[in-house]
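Structural features, examined
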Amino acid sequence: MKIVVIQGPNLNMLGVREQNIYGPMKLEQIHAQMKDVATQNGVEIEFFQSNLEGEMVDKIQECYGEANGIIINAAAYTHTSIAIRDAITAVNLPTIEVHISNIHRREEFRKDNMIAPVCTSSVVGFGPFGYHLAMMGMLQIMSEMKAAQEMQAEQASGEAK
Ligand code: DQA
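Attention here is on the structure that accompanies the text. Just so you know, these numbers come straight off a predicted model, no measurement behind them. Within any chain, residue numbers begin from 1 and follow the written order of that chain's sequence. Totals for whole chains, interfaces and linings use all residues, but because this is a predicted model, local features are given only for residues with pLDDT of at least 70 and pairs of side-chain atoms are given and counted only at 80 or more. Side-chain numbers come from the whole structure's heavy atoms, not from hydrogens or water.

1. Description of the environment of Asn 102
Put simply, DSSP marks the helices as runs of H or I at least four residues long and the strands as runs of E at least two long, and each gets a number from the N terminus on. Tracing the sequence through the fold places Asn 102 in the loop between β4 (95-99) and β5 (121-124). Relative accessibility decides the category of a residue: with a 1.4 Å probe and only protein chains considered, values under 20% of the type maximum give buried, values over 50% give exposed, and everything between is partly exposed. Take Asn 102: its relative accessible area is 27%, and that puts it in the partly exposed class. Residues Asn 102 and Val 124 lie 22 residues apart in sequence; the distance between their C-alpha atoms is 5.3 Å. The criterion used for residue contact is that any of the two residues' heavy atoms lie within 4.5 Å. Excluding anything up to four places from it in sequence, Asn 102 contacts Val 124 and Gly 125.

2. As for empty space enclosed by the protein
Two kinds of site are reported from a 1 Å grid over the protein atoms alone, namely cavities, where a 1.4 Å probe fits but cannot get out, and pockets, open sets with protein on both sides within 12 Å along at least five of seven lines, and residues are called lining when an atom falls within 4 Å of a point. Grid points are joined across faces, edges and corners, and a volume is the space filled by probe spheres set on the points. What the rule picks out here adds up to one cavity of 30 Å³ or more. Reported here for the largest cavity is a volume of approximately 50 Å³. Considering the residues around the largest cavity, the lining is formed by Ile 30, Gln 33, Met 34, Val 37, Pro 128, Tyr 131 and His 132. The set of elements that each furnish at least two residues to the lining of the largest cavity consists of α2 (27-40) and α5 (129-160). No other element matches α2, which puts four residues into the lining of the largest cavity. Under this grouping Gly is polar, as are all residues other than the nonpolar Ala, Val, Leu, Ile, Met, Phe, Trp, Tyr, Cys and Pro and the charged Asp, Glu, Lys and Arg. Across the lining of the largest cavity, the residue classes tally to five nonpolar, two polar and no charged.

3. As for the pattern of salt bridges
A side chain with one charge may pair with a side chain of the opposite charge, provided their charged atoms come close. Each reported salt bridge corresponds to a side-chain nitrogen of Lys or Arg within 4 Å of a carboxyl oxygen of Asp or Glu. As enumerated under the stated definition, the model contains eight salt bridges in all. In this structure, Glu 44 engages Lys 2 in a salt bridge whose closest nitrogen and oxygen atoms are separated by 3.9 Å. Of this pair, Glu 44 sits in strand β2 (residues 44-49) while Lys 2 is found in strand β1 (residues 2-7), placing the two residues 42 residues apart along the sequence. On the basis of relative accessibility, which here comes to 49%, the residue Glu 44 falls in the partly exposed class.

Printed below as a string of structure tokens:
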């Protein structure tokens, strides 16, 4: 099982940008914690950050046939990007979106969300801990997927007999 974590624009500036909103943690620290959890659970994990919308679309497309789930913080593109939304729909993988801040309590323009309606779930407003919650959610989804696959395989082998 493989999870791909996709981080959008300016998230490479975590620890520097607006610490009153996003806190002092750097993206590398968040990823190190996620990697630990993945390792403990025997799951592969890959991290990707880009400030460019098209690169994010390319990465989501690459997940097709390669990954079992996506954790994404599309950052500012959350509020504008139909292209990222369409890519998430196209690959049809379990996808959890994360927002460090509570986007519902901020400026009006952050209430528009192109991504949430096509995601499995959203984690919003928990600070960097939201990524850990997303990992927990994704591991749960994956164990359910695995159990369903095993059941299907059992049924198929039963029918073949
Ligand atoms: C963000 C919220 C977005 O509105 C903002 O543009 C970001 C970060 C968050 O994680 O809280 O860059 O996605």
